Amino acid sequence: MPVLEFGTATLDAGPRLPAAGQLDVWLVRRAALETAAELLDLSELSEAERRRTASFVRPTDGVTYASAHVALRRLLGGYLGLPPQDVPFVREPCPGCAEPHGRPAIAHPDPPLHFSLAHSHGMAVVAVSRTVVGADVERLPRAETVEVCTPALHPGEQAELAALGDAGERRAAFGRLWTRKEAYLKALGTGLSRDPGHDYLGADPHRRPAGWTLLDLPSGPRHNAAVAVRGAAPEQVTVRWVPPAALYAGGTVDLDADGTVGVPVTVPVGVTTRVSDWGA
């Protein structure tokens, strides 16, 4: 059974690829809006990423996007031993049409290094592994969202939600379910172009798609997060916060940091976790 260790990463530089059977998950808070323009370092982003940052109508969304992409480049740069601006991103072929707009990837790493990035309402998740991985994070859903989206789900998922008499329980269950579904579809490379009702990602792990492991990740009081990993459950899963200073000028991330604190809790997939202060 994999063990999830939660701590606060510290700063350092140095290349390190995950070991076989290891999954690293990094949690990122949006940089503070009042200091983001001054402290958040956008110099390592591509021109397209900087344009995208500036395109958001709400400043908080732009800062969330920029924080996530600065963290992604610095993390992958550390794993690969490359400057963040030199991380060689590509797009894999689309599973549906074979055009190059599928899953984001790193160009020809040896040994292979896979990643997935997700961000939503002030928080981002970066998952890194030797095998194909998909990650998602979502703000806790509103009741209207659950009502509108439930008819598009797999019949088994709809039945599970309908069996919950309490509206609050349905919202919580839908939030966990939807992040699993998006993580899985991102790992496939299809995203929501694949019918969300086609695959069962509900509460029963034995009914989920064969050949995949789905992990629900505690991610604070206002979000749900999940990771999909191709193959058997990872032997080790380590979840850490990227400290705010890692996003600033000169910041890097210590990929070997531990800092594990907290008490054991159980997540829905039955994976033992250790959880740190969510205010980190």
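Residues numbered from 1 in each chain as written. Predicted model: local features only at pLDDT ≥ 70, side-chain atom pairs only at ≥ 80, totals over all residues. Heavy atoms only, no water.

Remarks on the overall build of the protein chain
The helix and strand tally for the protein chain stands at six helices and twelve strands. Within the protein chain, counting contacts between residues at least 6 apart in sequence, those at least 24 apart form 67% of the total. Here the protein chain displays about 12800 Å² of accessible surface, and carbon together with sulfur accounts for 55% of that area. (Helix = DSSP H or I, 4+ residues; strand = E, 2+ residues; numbered from the N terminus. Contact = heavy atoms within 4.5 Å. Areas by Shrake-Rupley, 256 points an atom, 1.4 Å probe, with all protein chains shown as cover.)

Considerations on the pattern of salt bridges
Evaluated as defined, the whole model comprises ten salt bridges. The closest approach of N and O atoms between Arg194 and Asp199, which form a salt bridge, is 2.7 Å. For Arg194, a relative accessible area of 26% gives the class partly exposed. Look at the salt bridges and you will find they share partners, linking Asp41, Glu44 and Arg74 into a network. (Salt bridge = Lys/Arg side-chain N within 4 Å of Asp/Glu carboxyl O. Buried < 20%, exposed > 50% of the residue type's maximum accessible area, 1.4 Å probe, protein only.)

Considerations on the state of the cysteines
For the structure shown, the criterion picks out zero disulfides. Here Cys97 stays free of any disulfide, with the sulfur of Cys94 as its closest cysteine sulfur at 3.8 Å. Among the residues examined, Cys97 registers a relative accessible area of 40% and is labelled partly exposed. (Disulfide = S-S within 2.5 Å.)

Some thoughts on the packing of aromatic side chains
Per the counting criterion, the structure on display carries four aromatic pairs. Their ring planes at 70 degrees and their centres at 5.7 Å tell us that Phe89 and Phe115 sit as a pair that is edge-to-face. Placement of Phe89 in strand 3 (residues 89-91) and of Phe115 in strand 5 (residues 114-120) is noted, with a sequence separation of 26 residues between them. On the basis of relative accessible area, Phe89 is assigned to the partly exposed category, the value being 29%. Where Phe174 meets Trp178, the ring centres are 5.8 Å apart and the plane angle is 10 degrees; that geometry is what we call stacked. (Phe/Tyr/Trp six-rings, centres within 6.5 Å; stacked < 30°, edge-to-face > 60°.)

Thoughts on the sheet that holds strand 9 (residues 223-230)
Sheet architecture is open: three strands sit in the order 7-9-8, paired in antiparallel fashion. Among the strands making up the open sheet, the edge pair consists of strand 7 (133-139) and strand 8 (212-217). The average angle at which neighbouring strand axes cross in this sheet is 15 degrees, direction not considered. Bridge analysis of strand 7 against strand 9 gives seven bridges, and the strand direction is antiparallel. The residue bridging Ala135 from the neighbouring strand is Val227, located in strand 9. (Pairing = 2+ DSSP bridges. Axes fitted to C-alpha atoms, helices over the stretch in contact; angles between N-to-C directions.)

Let's talk about the packing of helix 2 (residues 47-55) against helix 3 (residues 59-80)
Relative to each other, helix 2 and helix 3 sit at 155 degrees, their axes nearing to 7 Å. As far as their axial angle goes, helix 3 and helix 2 are roughly antiparallel. Note that helix 2 runs across helix 3; the crossing there is right-handed. On helix 3, the residues that touch Glu49, Arg52 and Thr53 of helix 2 are Gly62, Tyr65, Ala66, His69 and Arg73. Broken down by class, the residue content of the contact of helix 2 with helix 3 amounts to two nonpolar, three polar and three charged. (Parallel < 35°, antiparallel > 145°, perpendicular 65-115°, else oblique. Left-handed = near helix turned anticlockwise from the far one by under 90°. Nonpolar A, V, L, I, M, F, W, Y, C, P; charged D, E, K, R; others polar.)

Some points on helix 6 (residues 167-188)
In a regular helix each residue adds 1.5 Å, so 22 residues correspond to 32 Å; helix 6 covers 31 Å between its end C-alpha atoms and thus fits that length. Backbone nitrogen of Gly168 and a side-chain oxygen of the N-cap are separated by 2.9 Å at the start of helix 6; the cap is Asp166. Phi for Gly189, located one or two positions after helix 6, is positive at around 95 degrees. (Expected span 1.5 Å × (residues − 1). Polar contact = N/O pair within 3.5 Å; in protein donor to acceptor, adjacent residues only side chain to side chain.)

Remarks on the pairing of strand 8
Of all six residues that make up strand 8, six are buried, and the element is covered over most of its length. Here strand 8 shows a buried face lined by Trp212, Leu214 and Asp216 and a second buried face lined by Thr213, Leu215 and Leu217. Relative to strand 9, strand 8 runs antiparallel, the two sharing six bridges. Within strand 9, the residue paired with Leu215 across the bridge is Val227. Linking two consecutive strands that pair antiparallel, namely strand 8 and strand 9, is a turn of five residues; a positive phi of about 95 degrees is found at Gly220 within it.

Concerning the pairing of strand 10 (residues 236-241)
Summarising burial for strand 10: five of the six residues are buried, a large majority. The sheet contact formed by strand 2 (residues 22-29) and strand 10 spans six bridges and is parallel. When the sheet's bridge partners are listed, Val25 is paired in strand 10 with Val239.

Considering unusual backbone geometry
Of all residues except glycine, most have a negative phi; of all peptide bonds, most are trans. The backbone phi angle of His121 is positive, close to 45 degrees, even though this residue is not glycine. Along the chain, His121 turns up in the loop between strand 5 and strand 6 (123-129). You can call His121 partly exposed: its relative accessible area is 38%.

That is the geometry; function is a separate question.
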